[in-house]
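Architecture at a glance
Chain by chain, the residues:
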Amino acid sequence: MKLHLDSTGSMNTVTGYGANYVEVNRQRYDYSILIFPHQPVVPWPVFSFDTLMPENFDMLVAFAGESKIEVVIFGTGARQRFAHPRITNVLTRQCIGIETMSFQAACRTYNILMSERRKVVLAILIEKI
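Figured I'd write up the structure that's included with this text. (Residues numbered from 1 in each chain as written. Predicted model: local features only at pLDDT ≥ 70, side-chain atom pairs only at ≥ 80, totals over all residues. Heavy atoms only, no water.)

1. Some words on the pattern of salt bridges
In the structure shown here, the tally under the stated rule is two salt bridges. For Glu70, the salt bridge is made with Arg118, and the minimal N-O distance between the two is 2.8 Å. Note that Glu70 is positioned in the loop between α1 (54–64) and β6 (71–75) and Arg118 in the loop between α3 (103–115) and β8 (120–124), a separation of 48 residues in sequence. Arg81 serves as the salt-bridge partner of Glu127, at 3.0 Å between the closest nitrogen and oxygen. Here Glu127 is found in the segment after β8, whereas its partner Arg81 is found in the loop between β6 and α2 (89–93), with 46 residues between them in sequence. Accessibility expressed as a relative area gives 26% for Glu127, which makes it partly exposed. (Salt bridge = Lys/Arg side-chain N within 4 Å of Asp/Glu carboxyl O. Helix = DSSP H or I, 4+ residues; strand = E, 2+ residues; numbered from the N terminus. Buried < 20%, exposed > 50% of the residue type's maximum accessible area, 1.4 Å probe, protein only.)

Spelled out as structure tokens, the structure:
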């Protein structure tokens, strides 16, 4: 599916997605990534939902740096799956919300929140099994 927003300027926008890939600013990624509105796309070393660890979300907070994140949109694949709270505890400790949804819904939600200038990060899990 192709997605396009009218005026997001230099912000990272999800421009398309499929079963095992996501496009950001028309560049295709077939591995898990973190998408910040104003930073380069970051490879996210997560290869399956079952191997998620707290360090995966620690990394997300570290890459945010000085930017205060309000919410993380976590795209978990074709279906919505919830990570155990101990895995995402770093977000809770930092007062960062996490919304878990299917891959497609996560991409659309990120684009909407990003276009509203919200401090959002998209964590996309593309499983490599």
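On we go from here.
2. Describing the sheet that holds β8
The five strands are arranged β5-β4-β8-β6-β7 in an open sheet whose pairing can be described as mixed. Strands at the two margins of the open sheet, each flanked by one partner only, are β5 (42–43) and β7 (97–101). Here α3 sits on the sheet in contact with β4 (33–35), β6, β7 and β8, set at roughly 160° to β8. (Pairing = 2+ DSSP bridges. Contact = heavy atoms within 4.5 Å. Axes fitted to C-alpha atoms, helices over the stretch in contact; angles between N-to-C directions.)

3. Overview of the pairing of strand β1 (residues 14–18)
Burial analysis of β1 places five of its five residues in the buried class, which makes it a mostly covered element. Judged from the four bridges that link them, β1 and strand β2 (residues 21–24) form a sheet pairing that is antiparallel. Paired with Val14 across the two strands is Val24, which belongs to β2. Two successive antiparallel strands, β1 and β2, enclose a turn made up of two residues.

4. Notes on the sheet that holds β1
Across the sheet, three strands lie side by side as β1-β2-β3; this open sheet has antiparallel pairing. Whereas interior strands pair on both sides, the edge strands pair on one side only; in this sheet they are β1 and β3 (27–29). Put simply, the sheet's adjacent strands are angled 20° from each other on average, direction ignored.

5. Observations regarding the nonpolar core
By size, the foremost hydrophobic cluster in this structure holds 23 residues, and its most contacted members are Val14, Val22, Ile33, Ile73, Leu122 and Ile124. Secondary structure elements with two or more residues in this core: β1, β2, β4, β6, α3 and β8. It is α3 that contributes the most residues to this core, seven residues altogether. When residues no more than four places from it in sequence are discounted, the contact partners of Ile73 are Glu99, Met101, Ala106, Thr109, Leu113, Val120, Val121, Leu122 and Ala123. (Core = buried A, V, L, I, M, F, W, Y, C linked by side-chain atoms within 4.5 Å.)

None of this, on its own, says anything about what the molecule does.
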